[in-house]
Amino acid sequence: MPEGHVIHRLAHHLNDAFAGQPIEISSPQGRFDVTPLAGATLTEARAVGKHLFLEFSTATVHVHLGLIGSFRFEPAEDVWGQIRLRLANEDVAANLRGPQYCRYVSPPEEQAILDRSGEDPLDPDADPEALWKRVRASRRTIGSLMMDQKYFAGVGNIYRAEPLFRLGISPFVPGRALDHEAFLRLWQDVRELMEYGVEHGRIDTVRPEHSPEAMDRPPRKDDHGGEVYVYRRAGEPCFVCGTPIEVRKYEGRNLFWCPSCQAE
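Everything numeric in this text was worked out from a predicted model, so none of it was measured. (Residues numbered from 1 in each chain as written. Predicted model: local features only at pLDDT ≥ 70, side-chain atom pairs only at ≥ 80, totals over all residues. Heavy atoms only, no water.)

## A short note on the overall build of the protein
Reasoning step 1: Within the protein, the regular secondary structure consists of 7 helices and 10 strands.
Reasoning step 2: For the protein, the C-alpha radius of gyration of 20 Å lies close to 18 Å, the compact-globule estimate for 264 residues.
Reasoning step 3: In terms of overall dimensions, the protein has C-alpha extents of about 60 × 45 × 30 Å along its principal axes.
Reasoning step 4: Taking all 264 residues of the protein together, the buried fraction comes to 52%.
Reasoning step 5: For the protein, contacts bridging at least 24 residues in sequence account for 58% of all contacts bridging at least 6.
Reasoning step 6: Accessible area of the protein: about 12700 Å², with a carbon and sulfur share of 48%.
Reasoning step 7: Placing the 31 positive and 39 negative side-chain charges of the protein at their respective mean positions leaves the two points 8 Å apart. (Helix = DSSP H or I, 4+ residues; strand = E, 2+ residues; numbered from the N terminus. Rg over C-alpha atoms; globule rule 2.2 N^0.38 Å. Buried < 20%, exposed > 50% of the residue type's maximum accessible area, 1.4 Å probe, protein only. Contact = heavy atoms within 4.5 Å. Areas by Shrake-Rupley, 256 points an atom, 1.4 Å probe, with all protein chains shown as cover. Lys, Arg positive; Asp, Glu negative; His and termini not counted. Charge placed at Lys NZ, Arg CZ, Asp CG, Glu CD.)

Here it is as structure tokens:
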């Protein structure tokens, strides 16, 4: 499932390509009724965590990509696959395939989704202090809380594992045992890493001294791209201490960490 930086980056690109301009709106697959969007313009594409809201002049469409969905920019003349929703101008098309949700929402329904969402590190109006109050009151581990979209909106498995490693925080520490300073450093690191992801379109979390060039090691090869410390590196030596990275199934997801650098 795409992490939040992907959705924010997508919203930026949709606004740049289509907002306020004449566009063709269709559903080549035929599974989405575009009748309410006849003659509409895109007012704004807005990301909140892993949710994308397409605010048209006539209606609002809620998109959640889920596990297999994609929203790709492709040449306007290319129409292939099962396209649920297509936005196009003369040059480019944004084609939505396989989403978990592509549906119209009323203002109250949209607000309900927002109310259920936690603090989004990429939202300039996010309130980390409000989140801190909830974290410090929880018996759940910080590794669990970071994957809960009602707490950290947009954070996924990579943005859980990597900031915790970078700050030497065990994913098994209860939220109530995390002090305020450590929480604020964690929040800031997540924000900065996700902002990098929005800007560059990839996730890179290693510091310069641990880059392939600095360590004379091969660059990472992975579908997600980018250089990371622990994510999908189970059994490999930690770049900092050499201890093998561990992985454990935790609440249905693989959790990666260094047992030495992140000792409880």
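Continuing now.
## Notes on the nonpolar core
Reasoning step 1: One finds V135, I142, M146, F152 and L186 to be the most contacted residues of the largest nonpolar core, which totals 37 residues.
Reasoning step 2: Among the secondary structure elements, those contributing two or more residues to this core are α3 (128–136), α4 (142–145), α5 (157–166) and α6 (180–200).
Reasoning step 3: Beyond its immediate stretch of four places on either side in the chain, V135 contacts I142, L145, Y151, F152, G175, R176 and F183.
Reasoning step 4: Counting 27 residues, the second largest nonpolar core, distinct from the first, contains L10, L52, A59 and L96. (Core = buried A, V, L, I, M, F, W, Y, C linked by side-chain atoms within 4.5 Å.)

## A look at α6
Reasoning step 1: Across its 21 residues, α6 extends 30 Å between first and last C-alpha, which sits within 8% of the 30 Å expected from 1.5 Å per residue.
Reasoning step 2: Within the span of α6, buried status applies to A182, F183, L186, W187, D189, V190, R191, L193, M194, G197 and V198.
Reasoning step 3: With a side-chain oxygen lying 3.2 Å from the backbone nitrogen of E181, the N-terminal cap of α6 falls on D179.
Reasoning step 4: Trailing α6 by a residue or two, G201 shows a phi angle of about 75°, which is positive. (Expected span 1.5 Å × (residues − 1). Polar contact = N/O pair within 3.5 Å; in protein donor to acceptor, adjacent residues only side chain to side chain.)

## Remarks on the packing of aromatic side chains
Reasoning step 1: According to the stated counting rule, one finds 9 aromatic pairs in the structure shown.
Reasoning step 2: Aromatic side chains F152 and W187 sit 6.5 Å apart centroid to centroid with 40° between the ring planes, which places their arrangement in the tilted category. One end of the pair, F152, is in the loop between α4 and α5; the other, W187, is in helix α6, with 35 residues separating them in the sequence. Considered together, F152 and W187 belong to a single accessibility category, that of buried residues.
Reasoning step 3: Here the aromatic cluster, defined as three or more aromatic residues joined through ring pairs, consists of F165, Y229 and F239.
Reasoning step 4: A cation over an aromatic ring shows up here: R97 above the ring of W80, its NZ or CZ 3.5 Å from the ring centre.
Reasoning step 5: A cation over an aromatic ring shows up here: R217 above the ring of F239, its NZ or CZ 4.0 Å from the ring centre. (Phe/Tyr/Trp six-rings, centres within 6.5 Å; stacked < 30°, edge-to-face > 60°. Lys NZ or Arg CZ within 6 Å of the ring centre and 35° of its normal.)

## Regarding the packing of α5 against α6
Reasoning step 1: Relative orientation of the contacting elements α5 and α6 amounts to 125°, with a least axis distance of 10 Å. In terms of axis orientation, α5 runs oblique to α6. The way α5 lies across α6 gives a crossing that is right-handed. Touching Y159, P163, L164 and R166 of α5 are L186, D189, V190, L193, M194 and G197, all from α6.
Reasoning step 2: Residues of the contact of α5 with α6, tallied by class, amount to 7 nonpolar, 1 polar and 2 charged. (Axes fitted to C-alpha atoms, helices over the stretch in contact; angles between N-to-C directions. Parallel < 35°, antiparallel > 145°, perpendicular 65-115°, else oblique. Left-handed = near helix turned anticlockwise from the far one by under 90°. Nonpolar A, V, L, I, M, F, W, Y, C, P; charged D, E, K, R; others polar.)

## Comments concerning the sheet that holds strand β8 (residues 101–104)
Reasoning step 1: Pairing is antiparallel in the open sheet, where 4 strands are placed in the order β2-β3-β4-β8. Looking along the sheet, the strands with just one partner apiece sit at the ends: β2 (42–48) and β8. This sheet shows a mean twist of 15° between the axes of neighbouring strands, independent of strand direction.
Reasoning step 2: Of the pairings in the sheet, the one linking strand β3 (residues 51–56) to strand β4 (residues 60–64) comprises 4 bridges and is antiparallel in character. Residue F53 lies in a different strand from β4, and its bridge partner there is H62.
Reasoning step 3: Against the sheet, helix α1 (residues 4–18) contacts β2 and β3, and its axis sits at roughly 170° relative to β2. (Pairing = 2+ DSSP bridges.)

## So, the pairing of strand β9 (residues 246–250)
Reasoning step 1: As paired strands, β9 and strand β10 (residues 253–257) are joined by 5 bridges and run antiparallel to one another. Bridging across to β10, R248 finds its partner in L255.
Reasoning step 2: Hairpin connection from β9 to β10: 2 residues lie between these consecutive antiparallel strands, with E251 at a positive phi of about 55°.

## Let's talk about α5
Reasoning step 1: Of all 10 residues making up α5, 10 are buried, and the element is well covered by its neighbours.
Reasoning step 2: Looking only at α5, the buried set comprises N157, I158, Y159, R160, A161, E162, P163, L164, F165 and R166.
Reasoning step 3: Tucked into the core, α5 has its buried residues touching α1, α4, α6, β9 and β10.
Reasoning step 4: Just beyond α5, the residue with positive phi is G168, at close to 70°.

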